Every structure is written in C-alpha cells, then in structure tokens.
Amino acid sequence: MMPRFDLSVRCPAFIGKALFLLGLSLFMTACVPDFLLSDPDWVVIEAGEHEPNPKRKVGLLISPNEVSATVTFDSSCIYDLGTADADDWNKVIGLGFVGSKDQDITTGIPPHQVDGARVGWRWNKQRNCIDLGAYIYVEGKRIDFKVAETTINTPTKLTIKIDYDRKLYQILGGQAVPFTHNKSFAYNTGLYFGGNQVAPHRIRVKIVD
C-alpha cells in the first residue's frame, strides 16, 4: 500500500518556504560578480541611495563560523547629517540567518532583522574617525554598541564570529552577545548607508574578502 500524506497540512508550509528561498535566491543573483568589474574591491553607494545598485558582496552561507573582510573607508565616508541622525549606524559586512518558525515571510521584515549580526560604521565628526560597532538582531530585537575606531584610508580587518555551541556572536573582538536560534542557513549582507538617511553623496568603501 502506498503511504498517504496529509497535503493540506504540509503543502502551505512547504510552498511558503520554497517561495521564500526562491525569492532569496533571486535577490542574491541580482548582485554583480567581482570578476565582471574592473575594480572589484571598491563598493559604491550613489547619492540618494541606501545600498549599491545592483548589490555587491552578497551570497549564501551554510553554518558560517566567521564572516570577515579587510575594509578601507576613503574620504567619501566623511559626511554630516546634522544632529538628528548623526549617531545612526551604517553597515558594512554581516550576515542574516534564515529559517525556523519565527521567520514569517508575510511580514516583509528581512531575515537579518530577525536573527543576524553586522558591523556598523559611522563618521565621528568630534573624533575625526570612523566608529565601528556591533549591530545585532536577536529574535527581532536590536542590540548595538560601539566597539572600535579606524581612520580614513586605513585598511582594517573586520571579523564577526559565530559560536553555535555557546550561542554567541562576537563582533570585532568585542563583548559577546548571546543568540537563541538554531538556524544554519544564512546569507551575506552588503554595504548599506543608514539608519534613516540615504547617502548624502557618493560613498565608496573598499572591501577585500
């Protein structure tokens, strides 16, 4: 006798997950491969945008233990947004985790704003440097804090470590932050300006994987 399956229960969940993964795959394929570019290490956000178009430096990951890159912020990363949004974090490298019951694909919230970890950056006018920080989401709740600094035109190694046994993120060697998920499927997030504000002018960051 052939086994019977309750398709009325399984199909909606399966179809939903399949559609989500298909959408994520199409999102990733919209990026530009480095080998097609004459200067592939430089990632550019045009004035008035939040991120590169098409996307750059993104891709799929399975159980990553570390995400890292050597990053150089040039003088285009000096900006002044006024006082209201001066402390907002931009983002440079990071990852978002996909899967499990708490990722409702109908909400429109991207997975990295449910469970994910990124390196934040912002221009510090008072100290004349780039602030670097942890920018983390745990079950949809954001945790962010400054960890380090770097200067303009200085190559800086940025590292995010993921410890699945102890369930900890550690960004730039700073304070470890616990997470709760059991997800293993993830994707790289790329360069992003904002916060609330779009790039006030053309922003360039060198990202060497």
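Residues numbered from 1 in each chain as written. Predicted model: local features only at pLDDT ≥ 70, side-chain atom pairs only at ≥ 80, totals over all residues. Heavy atoms only, no water.

1. A closer look at the environment of Leu95
By the element assignment, Leu95 lies in strand S4 (residues 90–98). Given the relative accessible area of 0%, Leu95 is considered buried. (Helix = DSSP H or I, 4+ residues; strand = E, 2+ residues; numbered from the N terminus. Buried < 20%, exposed > 50% of the residue type's maximum accessible area, 1.4 Å probe, protein only.)

2. Regarding the confidence of the model for the chain
Mean pLDDT over the chain works out to 86, with 78% of the residues at or above the 70 mark. Of the regions scoring below 50 in pLDDT, residues 25–29 engages in six contacts with residues more than four places distant in sequence or in other chains. (pLDDT = per-residue confidence, 0-100. Contact = heavy atoms within 4.5 Å.)

3. A short note on the nonpolar core
With 36 residues, the main nonpolar core has Val92, Ile93, Leu95, Trp121, Ile160, Val205 and Ile207 as its most contacted residues. Within the residue set of this core, elements represented by two or more residues are strand S1 (42–45), strand S3 (66–73), S4, strand S5 (116–124), strand S6 (129–138), strand S8 (156–163), strand S9 (168–171) and strand S12 (203–208). Looking at this core element by element, the count peaks at five residues for S6. Each residue touching Ile160, except ones within four places of it in the same chain, is listed here: Asn65, Glu66, Val67, Ile93, Gly94, Leu95, Ala117, Arg118, Val119, Gln170 and Ile171. (Core = buried A, V, L, I, M, F, W, Y, C linked by side-chain atoms within 4.5 Å.)

4. A short note on the sheet that holds S5
Read from one edge of the open sheet, six strands run S2-S11-S4-S5-S6-S7, paired in antiparallel fashion. Of all the strands in the sheet, just strand S2 (60–62) and strand S7 (141–150) have a single pairing partner and so form its edges. Neighbour-to-neighbour, the strand axes of this sheet turn through a mean angle of 25°, independent of strand direction. When S2 meets strand S11 (residues 185–189), the two strands line up antiparallel, connected through three bridges. Looking at S11, one finds that Leu61 is bridged to Ala186. (Pairing = 2+ DSSP bridges. Axes fitted to C-alpha atoms, helices over the stretch in contact; angles between N-to-C directions.)

5. Points about the pattern of salt bridges
Between side chains of opposite charge, a pair can form as their charged atoms come close. Counting across every chain of the model gives twelve salt bridges. The salt bridge involving Glu51 is made with Lys55; its shortest N-O contact spans 2.7 Å. Relative accessible area serves as the criterion here: at 29%, Glu51 is assigned to the partly exposed category. Here Arg127 makes a salt bridge to Glu149, at a shortest N to O gap of 2.5 Å. Placement of the pair is Arg127 in the loop between S5 and S6 and Glu149 in strand S7, with a sequence separation of 22 residues. Judged by its relative accessible area of 52%, Arg127 is exposed. Taking the relative accessible area as the measure of exposure, Glu149 reaches 34% and is therefore partly exposed. Taken together, the shared-partner salt bridges connect Arg122, Arg127, Asp131, Lys146 and Glu149 into one network. (Salt bridge = Lys/Arg side-chain N within 4 Å of Asp/Glu carboxyl O.)

6. A look at unusual backbone geometry
That bond from Asn53 to Pro54 is cis: its omega, 0°, falls within 30 degrees of zero. For Pro54, the position within the fold is in the loop between S1 and S2. The step from Gly194 to Gly195 runs through a cis peptide bond, and the omega angle for that step is 0°. Note that Gly195 resides in the loop between S11 and S12. If you check the backbone angles, Asn153 has positive phi at about 65° while not being a glycine. Summarising the element assignment, Asn153 is placed in the loop between S7 and S8. Positive phi is not limited to glycine here, since Lys167 has a value of about 55°. Inspection of the secondary structure puts Lys167 in the loop between S8 and S9. On the accessibility criterion, Lys167 (24% relative accessible area) is partly exposed.

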